[in-house]
Amino acid sequence: MGLSEHERAVLRHLDAEFDRRDPWLSRRLAEFGVPPEEPCVSWRPPRAAVVLAAVMVAATAFLAAVIPLVMRQPCPVSTGAQATPGAAERAAGPSPSPTC
């Protein structure tokens, strides 16, 4: 709701009277009423945080791909003819584990 012309004139008169009686307080109140110019604050993380997050994601993806390859189950040993070692193999010692 806007002020009438008479109300604006009364406010200007009171402001002038206040300026005349106490200029220091009037100036301080005028500065207090006007918000200071502040830069627009937007949330943006520092570059180091972005780089660190990218490295962490890459390391997690790498480990998620490598761990299943390293932690494979051992190959199943068949119980057929290949599993029973011959006399020559018994003399040579234990055979190396089969690879899948």
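Just so it is clear, the structure is predicted and the values come from calculations on it, not from any experiment.

(A) View of a nonpolar patch on the surface. Taken together, the side chains of F62, L63, I67, L69, V70 and M71 make up a nonpolar region of the molecular surface, amounting to roughly 670 Å² of accessible area. Residue position: I67 is located in helix α3 (residues 47-70). Residue class for I67 comes out partly exposed when judged on its relative accessible area of 46%.

(B) Here's a closer look at α3. Taking 1.5 Å per residue as the helical rise, α3 with its 24 residues ought to reach 34 Å, and the 34 Å between its terminal C-alpha atoms agrees with that figure. Burial analysis of α3 places just zero of its 24 residues in the buried class, which makes it a mostly uncovered element.

(C) Region of the structure containing the confidence of the model for the protein. The predicted model of the protein averages 78 in pLDDT, with 67% of residues at 70 or higher. Element-level pLDDT for the protein is lowest in helix α4 (residues 87-92), with a mean of 54, against a maximum mean of 93 in α3.

(D) Main features of the pattern of salt bridges. For the structure on display, the rule yields four salt bridges. Among the salt bridges present, the one from E5 reaches R12, with a minimum N-O distance of 3.6 Å. Judged by its relative accessible area of 51%, E5 is exposed. Looking at R12, the relative accessible area reads 49%, which means it is partly exposed. One salt bridge in this structure joins E17 and R21, with 3.0 Å as the shortest N-O distance. Of this pair, E17 and R21 both sit in helix α1 (residues 5-21), four residues apart, which is roughly one turn of the helix. Looking at E17, the relative accessible area reads 24%, which means it is partly exposed. By relative accessible area, R21 is classed as exposed at 66%. Several salt bridges share partner residues, and in doing so they unite E5, R8 and R12 into one network.

About the cut-offs
- Residues numbered from 1 in each chain as written.
- Predicted model: local features only at pLDDT ≥ 70, side-chain atom pairs only at ≥ 80, totals over all residues.
- Heavy atoms only, no water.
- Patch = residues over 30% accessible without salt bridge, like charges linked within 9 Å, V, L, I, M, F, W, Y side chains within 5 Å.
- Areas by Shrake-Rupley, 256 points an atom, 1.4 Å probe, with all protein chains shown as cover.
- Salt bridge = Lys/Arg side-chain N within 4 Å of Asp/Glu carboxyl O.
- Helix = DSSP H or I, 4+ residues; strand = E, 2+ residues; numbered from the N terminus.
- Buried < 20%, exposed > 50% of the residue type's maximum accessible area, 1.4 Å probe, protein only.
- Expected span 1.5 Å × (residues − 1).
- pLDDT = per-residue confidence, 0-100.

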